[in-house]
Every structure is written in structure tokens, then in C-alpha cells.
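# Geometric and topological summary
For reference, the chains in residue letters:
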Amino acid sequence: MAIKGAIVVDTERCKGCGVCITACPKDVIALAKNVNGKGYNYAEMVNGDCIGCAGCAIVCPDGVITVYKQQV
Amino acid sequence: MAKELKLMKGNEAIAEAAIRSGCDGYFGYPITPQSEVMEYLMLEKPWEKTGMVVLQAESETSSINMVYGGAGAGKKVMTSSSSPGISLMQEGLTYLAGAELPCLVVNVVRGGPGLGTIQPSQADYFQATKGGGHGDYQLYVLAPASVQEMYDFVFDAWDIAFKYRNPVMILSDGAIGQVMEKLYVGDYVPRWTDEQIRKIAPWATFGKPTTRDHNIITSLELDSAKQELHNLKLQAKYREMEKNDVRYEEINCEDAEYLFVAYGSSARIAQKAIQLGREKGLKVGLLRPITLFPFPTKRLAELSKKVKGMLSVEMSAGQMVMDVRLATENRCKVEHYGRFGGMIPTPHEVLEAMETKIINA
Amino acid sequence: MTFNQEIIKPENLVYTKTKVLTDAVMHYCPGCGHGRIHRIIAEVIEEMGIQDKAICIAPVGCSVLAYNYFEVDSQGAAHGRAPAIATAIQRLYPDHHVFTYQGDGDLAAIGTAETIHACNRGENIVIIFVNNGIYGMTGGQMAPTTLIGMKTATCPYGRDVQLNGYPLQITELLAELPGTCYVTRQSVHTPAAVRKAKKAVQMAFENQKNKKGTSFVEFVSNCNSGWKMSAPAANKWMEENMFPKYPVGDIKVNGEKVIKNA
């Protein structure tokens, strides 16, 4: 049985600090090439390896990451 | 109301009034000549009688910020001190005024500047009536002239403080604080319940119920346009005080040709000087401002059309005299007579000053 | 491009922002530790069900606007005076949960007297102390906790002991006072650190519930703007430089100093 995870980033509130990228054990997150309304390169999922550990959300200074997890 | 007759010091009257007026908390730091306020409270143990909190803080800075906290939480809270301690409280007072918090601060004034002396003085008039700390703000200032008024004004202070959401100062002096006089005390006013606080001070931080957003107590507004609006609101409040809550007393003013203008201890001395003057056939009277802010400007303006001259008697180098001059606008002669640095004038020298500076000048 | 979108359903939710934080966008710099520390406190308040009894006292400094983020009744204090304000409210409302949130300048410089005396009286309050070794709000000046040799706007050649004295370990100092019940130092730079720090905050509020005296939680945190680094680099610099001077861990638990193995 595998675990599948996903994150939803509130891109308009993300400040692109990159702390979530360091925290992710699966290298799922990177900063987008595009910017949000404030001019920040926001965080986004770049592959499907997420395990829903929520490490990114826990260290996110601005609380912009919501995490989902499902056993598949 | 049942009245009991007591013999007390002015400072003790403040403390007794605090307990009987339903005060929730007193936070203070000892300083001569007002230390009896907290000493009396600690002896009386009001926490056993009414639930009132009494705490000796580590400094006046801390005391006034404890008052800020309690006031922000909707409680009737107060502190007392004397001049050097009140200087330390100026930071807290401007924050209290900015955040529009009701509270009572008693200043039993002693001579300055600096450590000065422990004897009575009225040299903190400017500090009390012109703000004191930074920014455009006013305290509502009551000036008692007797031990009875020390007691009564504590009750009045709560009404005004919560009516306007503004700090109230009782500006007394070392003489009124230390003198023993008889006074009548009344029934105990119960402390407000949590339900009453929710109604009287819905803006206060007593814990956020699910029915409303969180309350915030602050004096900070970084948006200048909003800060200006806040300032305009404060100014409107001060104008309301000037309109509705000016207090003064007139003694022998009906036929007076010459007026003493004096508050607190100086008013008591001036009263005796009037007696001496009248014995000599001089038509002298007294206008005693009871509120120093708002100042009885209007009444003094009216009187300035009737009398030939006014002498402002203060235990300072001449502070209130500025407000008397502003009120009278050169319609009559206005001079100042004062002793300071802890010295108290005698009725004879006050009358002599009236004669030399006004009547025979 | 999107990934694993099919699992985004309410029943699969594992983590979202607590409702004890407002939806206001925080003014903190990208990567600042304040946001995480705010969230830990808010989560503990939510989990303990004490939102209606919690009162936050915000300081002067970067977190001056903290009251905009906590969905609890709050007061903004004058610089350094939060412990005095908290003292009064806690005594007037003994069953409430009053906590202060203060930076190093606020708590350990201008407010030293208020801090020490509130702790020494054993006020039943929670003090949250965020130490990033610098004054962030005013533009990166020297703090009482600035490390020796560390450069700031007011010690541009590095903190010099002859000129500026030593970094103040106020947390160790406060642990000496009998009034403090719980004194701990935490950090929030990794998920594991955040989880541990949250337990510390929880213990602090539990102590308060049981009226055990003052609980003091220091957070060694970053100031990537003031330190002039990226957020991940600042976290690494913190581990290498701040932690040796400000070691993470409990200093006092239940009124007893924690004996560290020699």
C-alpha cells in the first residue's frame, strides 16, 4: 500500500522564501518561474512524489500550504 | 445613602474611596508624599472585602502599564504617585490616551524639578493639563482642595473616565495628601460583574466570545490618514469635555472687584486671604477651578468683564496664570503670585501680593 | 502542470491553517520565523479550546502587529512593557490565558525590569520570547543578544565586547528565579523543531491552566533580512552560530532546573 500526497499553495499569499523546499524530503516543491501579484516566485509542486508528510506546511512562515494525503 | 464620619489623611481618603467606589485594581510604587495610599490599601486587604487587586509594582513605569492592561480589559483600575513618579508614567499616559482607555491616576505633587523636595507644590500643572507625554492629547484633570474632595473625586473620576474613555488625573499636592480632616464616606459601590463590563466596555479585551471579532487595544495606526481621523476624534472628545464637564467654585464673587484664581491648597490659602481682605474693606473673591482641564475659560472670560484685576495664586513659578491670561484676553490685569520648591505661601503674603501687584499697581 | 489533484478532498486533509489565526497577510519578511511561532501558539490555543480566554499582549518591534494575526483579544504594549500589562490582566482575570509575545530588544533590553519582575513574582503568564539577535523592525541594529563579532547597523565592524558588552542570555538568568515554573529554548527552522516547539508551547499553556507560575519559551529565530541572507541560508547560519551560544532545549521544568549530562 502506497501513500499519495498533495499540497495546495495559496499562491497569492506565498512569499517565495523557499523554506518549504529545504524541508521537503521528496524534492516535490520548487519555486515557480511565474510570480504572484506581489512579485514573488511562489512555491509549487513539480512532481507527483508527495507523501503528504506536511513538513512543508509546518515550516511555512505564512501558513499558505494545505496538505492532503490518501492511502492508495 | 448611609454616611459615616471619619478622620483621615487625604492619601488615605483616596484609598478608602477606591475600595468603596468598586475599583478593581490598584497598581503603585511607593513615593513620598503619597505612600499612604498603597499602605492603607495593603492594611485594609480589599481583596478579601470586594475582590479588588492591589499590587506593588517594580516601578512607576510598570504601574502605569499595569493600569493600561487592566483598563484595556474593561476594569476600573488606578495608580497614584508623586511628581518624579508621574514623570516616569508619562509614557504610559500617552499610550492610555491614544488607546482611549479609562483609568484614574492620582498625582500628589511635590516640589521639583528633578528629585526636588518632598514638600507640597503645584508645579506639575503644565504636565497635567497640557498632555505631559508626546502627541496631541489631554487628561481630564480634577483638583481637590480638601480630604473630602480627595474621596469624592475618585467616584467622579470613574464616571468621567468611562464616559469619555479617557484617563482622569486627580492633581493634588503634598499638603492635601498629608493633612488630616474629617470626611463623610458613603456606601460601598459593588465592583462591576463580567456581564456589566461586557455592556459598559464592549471594546475591552476580556476574551473573545464566538459572537464577535477579536478586540484590539492599541495606540498604533500606521496609515497617517487614519491616524489623523483618530486624532480628530480625540480632539472632538476634548471639546465635549469643555462643553459639558467644566467644574469650578466661586467664593465671594458676586460683588468682587478683585479675584484670586487658585486651585487645591492655594485655594484654601486664598480663601483665608479673602477673609483678611474683606476685614480691610477690600472687595476680593475667589474663582477656584475644580477641573484644570477642561479649564473654566468661559467663566473667567465673563468675570474679566466685571472685575478690575485677577491674581493667580499657585505654588509654582506661574503656570495656571497663562491659562487665566488666555481666558481674560487683556480685559483686566492678570498677575501671578507663587511660592515654590516646596514652600507654601501664607494668607497674609497672598493678600499683600494682591494689593501690591493688582490693587495698588 | 498539476500533480495528484484527485486526492484533494476534505476527507484527505492532513494540515491547514488554524482558525485562531486571522486571514490577514502577515507583514513579516519572506522566511521569517514569526509566522511559524504565531501558528504554533494559535494551534495550541485551538487544541486546548481556550480561544475565548486567551489574551495576547503584542510588543514593539517586528511583531508589533501580532494582534492583527491572532484571532484572540489583544493589546499592543509600549516598548518592553508587555509583562506588566499581562500581570494586571492575569490578576484581574485569573482563569484567563494571558501571554506576551516579545522580541529580544523588547524583552531583554528596554523591558528587562518588567520581564525579570514579572518572572520573579511568578505571574501566571506565558512569555514567548523571539530571539534573532538583531533589531529587525528598525533596520537591523544591535540587540542585547547579538553575538560577539556579529555585524549589525550599529556595530558595523562586528559586536565588540569592549564597546558593546556581551550577548545577554536572559533565559538562563530567568531560570534562576524561583517564580519561573518552566523555562525552555526552542527553534522553528525544521519540521521536527516546529513539532518539538509546539509541545513546549503547549506545556507552557498547560502550566498556566494549572496556575503553576511563569512559563517562558524562548525561540531562537532567524532574521534573514537583517542578517542579509536567504531564508534557508539564515536557518543554516542560525544552527552554526546562534545555537552554540543559545542551545536549544529545556532549562527548567516544573520548577526544577534540568540537569544536563556533563
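These figures come from a predicted structure and were not determined experimentally.

Moving on, we come to the confidence of the model for chain C. Of the residues in chain C, 99% have a pLDDT of 70 or more, and the chain-wide mean is 96. Both scores are given for the predicted complex: the pTM is 0.97, the ipTM 0.96.

Tracing the backbone shows B:S266 in helix α12 (residues 264–279). Once residues within four sequence positions are removed from consideration, B:S266 is found in contact with B:Q122, B:V313, B:E314 and B:M315.

Residue and element names in this part refer to chain B. Along the polypeptide, P289 turns up in strand β12 (residues 284–289). Separated by 146 residues in sequence, P289 and A143 have C-alpha atoms that sit 7.5 Å apart. When residues no more than four places from it in sequence are discounted, the contact partners of P289 are A143, R247, Y248, V261, A262, Y263, F295, P296 and M320.

A few words now on the sheet that holds strand β4 (residues 65–71) of chain A. Within the open sheet, the 3 strands sit side by side as β1(A)-β4(A)-β1(C). Their pairing is antiparallel. What marks the edges here is a single partner per strand, and that holds for β1 (3–9) of chain A together with β1 (13–15) of chain C. On average, adjacent strands in this sheet sit at an angle of 30 degrees to one another, irrespective of strand direction. Here 2 bridges tie β4(A) to β1(C), and the two strands are oriented antiparallel to one another. Paired with A:V67 across the strands is C:Y15, a residue of β1(C).

Let us look at the domain arrangement of chain B. All names here are of chain B. Under the domain assignment used here, chain B contains domain 1 (4–195) and domain 2 (249–359). The C-alpha-based centres of domain 1 and domain 2 are spaced at 27 Å. In this complex, domain 1 contributes 29 residues to the contact, which on the side of domain 2 involves 26 residues. Across the contact surface, domain 1 and domain 2 share 3 salt bridges. For R288, the salt bridge identified is with E149, shortest N-O distance 2.7 Å.

Our next topic: the interface of chain A and chain C. In this complex, chain A contributes 35 residues to the contact, which on the side of chain C involves 33 residues. Of all residues in chain A, the largest losses of buried area upon contact with chain C belong to A:R13, A:I58 and A:Y68, amounting jointly to 23% of the total for that side. The interface formed by chain A and chain C includes 1 salt bridge. The shortest N-O distance in the salt bridge between A:K4 and C:E6 comes to 2.4 Å. The interface formed by chain A and chain C holds 14 residue pairs in polar contact (both at pLDDT 80 or more) in total. Broken down by element, the side of chain A that touches chain C gets its largest block of residues, 6 residues, from β4(A). Grouping the amino acids of the side of chain A that touches chain C by side-chain chemistry returns 19 nonpolar, 10 polar and 6 charged.

Rules behind the numbers
- Residues numbered from 1 in each chain as written.
- Chains lettered and ligands numbered in written order.
- Predicted model: local features only at pLDDT ≥ 70, side-chain atom pairs only at ≥ 80, totals over all residues.
- Heavy atoms only, no water.
- pLDDT = per-residue confidence, 0-100.
- Helix = DSSP H or I, 4+ residues; strand = E, 2+ residues; numbered from the N terminus.
- Contact = heavy atoms within 4.5 Å.
- Pairing = 2+ DSSP bridges.
- Axes fitted to C-alpha atoms, helices over the stretch in contact; angles between N-to-C directions.
- Domains from an automatic or database assignment.
- Salt bridge = Lys/Arg side-chain N within 4 Å of Asp/Glu carboxyl O.
- Buried area = accessible area lost by both parts, 1.4 Å probe.
- Polar contact = N/O pair within 3.5 Å; in protein donor to acceptor, adjacent residues only side chain to side chain.
- Nonpolar A, V, L, I, M, F, W, Y, C, P; charged D, E, K, R; others polar.

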